[in-house]
Amino acid sequence: MVEVGQWGLKTWEHFPTGARGALTAVNSVATLPFEVRRLFWLTGLQPGMQRGGHAHKGQSQLFVVITGSARFSLYDQQGRHEVVLLAAPNMALVTGPLVWCTMLEFAPGTAILALADGPHEPDDYLRTEEAFRAYQPEPTRAQTGPPVKLSVPLVNAETLE
């Protein structure tokens, strides 16, 4: 469970293998911050495009830029804002519920893998900033559980470049 309104970075070991490419592996699902219920990926991303631009009422997500790079603009209902650059395949951005997330500034050919802790549910989306600011969640069991420990919580974008 990732706390409501929180985000952070998760890293895994990365093994460059020279002429044979590189390998990044998640050797145990226990190292993931939540039980994965859905996978999706974004391809064909190009400079000037934007993706996301919404928040989820109850869902947490994990994003890995498999190739290329992307910036993630994140903010919560308290006005905390951060822009995070992901440009390494062993680094993941984890977002909890009620984090407005916009992906932008893609390098040519960027591909992003996303994992979510729930299925696609249209009613879970907050698609306008006005709806996001006004939304008041009712506490649920998932929101009152222990928080997930992330590798590097609340990373400043300058440290990632």
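Rules used in this analysis
- Residues numbered from 1 in each chain as written.
- Predicted model: local features only at pLDDT ≥ 70, side-chain atom pairs only at ≥ 80, totals over all residues.
- Heavy atoms only, no water.
- Pairing = 2+ DSSP bridges.
- Helix = DSSP H or I, 4+ residues; strand = E, 2+ residues; numbered from the N terminus.
- Core = buried A, V, L, I, M, F, W, Y, C linked by side-chain atoms within 4.5 Å.
- Buried < 20%, exposed > 50% of the residue type's maximum accessible area, 1.4 Å probe, protein only.
- Contact = heavy atoms within 4.5 Å.
- Lys, Arg positive; Asp, Glu negative; His and termini not counted.
- Salt bridge = Lys/Arg side-chain N within 4 Å of Asp/Glu carboxyl O.
- Polar contact = N/O pair within 3.5 Å; in protein donor to acceptor, adjacent residues only side chain to side chain.
- Phe/Tyr/Trp six-rings, centres within 6.5 Å; stacked < 30°, edge-to-face > 60°.
- Lys NZ or Arg CZ within 6 Å of the ring centre and 35° of its normal.

**Topic: the sheet that holds strand β5 (residues 50-56)**
Okay, step 1: If you walk across this open sheet you meet the five strands as β8-β7-β10-β5-β12, and the pairing is antiparallel. Since the sheet does not close on itself, it has two edges, and those belong to β8 (81-86) and β12 (125-126), each with one partner.
Okay, step 2: Pairing of strand β7 (residues 70-75) with strand β10 (residues 100-104), which is carried by five bridges, proceeds in the antiparallel orientation. Note that in β10 the partner of Ser73 across the bridge is Thr102.

**Digging into the nonpolar core**
Okay, step 1: Ranked by size, the top nonpolar core spans 19 residues in total, and within it Phe63, Phe72, Leu74, Leu86, Leu93, Met103 and Ile112 carry the most contacts.
Okay, step 2: Among the secondary structure elements, those contributing two or more residues to this core are β1 (7-11), β4 (38-45), β6 (61-67), β7, β8, β9 (91-95), β10 and β11 (110-116).
Okay, step 3: If you tally residues by element for this core, the top one is β7, at three residues.
Okay, step 4: Excluding its chain neighbours within four sequence positions, the residues that come into contact with Leu74 are Trp7, Arg80, His81, Glu82, Val84, Leu93, Thr95, Val99, Trp100 and Cys101.
Okay, step 5: By size, the runner-up hydrophobic cluster in this structure holds nine residues, among which are Leu32, Phe34, Val94 and Leu115.

**Let's talk about the side chain of Arg38**
Okay, step 1: Residue placement: Arg38 occurs in strand β4.
Okay, step 2: It is Asp124 that comes nearest to the buried, bridge-free Arg38 among opposite-charge side chains, at 6.9 Å.
Okay, step 3: Of note is the side chain of Arg38, whose polar atom sits 2.9 Å from the side chain of Gln59.
Okay, step 4: Those residues within four positions of Arg38 in sequence are excluded, and the remaining contacts are Gln59, Gln61, Ala114, Leu115, Ala116, Gly118, Pro119, His120 and Tyr125.

**What to know about the packing of aromatic side chains**
Okay, step 1: What the rule picks out here adds up to four aromatic pairs.
Okay, step 2: Seen from their ring centres, Trp100 and Phe132 are 5.6 Å apart, and the 50° between their planes marks the pair as tilted. One end of the pair, Trp100, is in strand β10; the other, Phe132, is in helix α1 (residues 129-134), with 32 residues separating them in the sequence.
Okay, step 3: In textbook terms, an aromatic cluster arises when at least three aromatic residues are bridged by ring pairs, as seen for Tyr75, Trp100 and Phe132.
Okay, step 4: Geometry around Trp7 places Arg80 over its ring, the cationic atom sitting 4.1 Å from the centre.
Okay, step 5: The ring of Tyr125 has Arg127 lying over it, and the distance from NZ or CZ to the ring centre is 4.1 Å.

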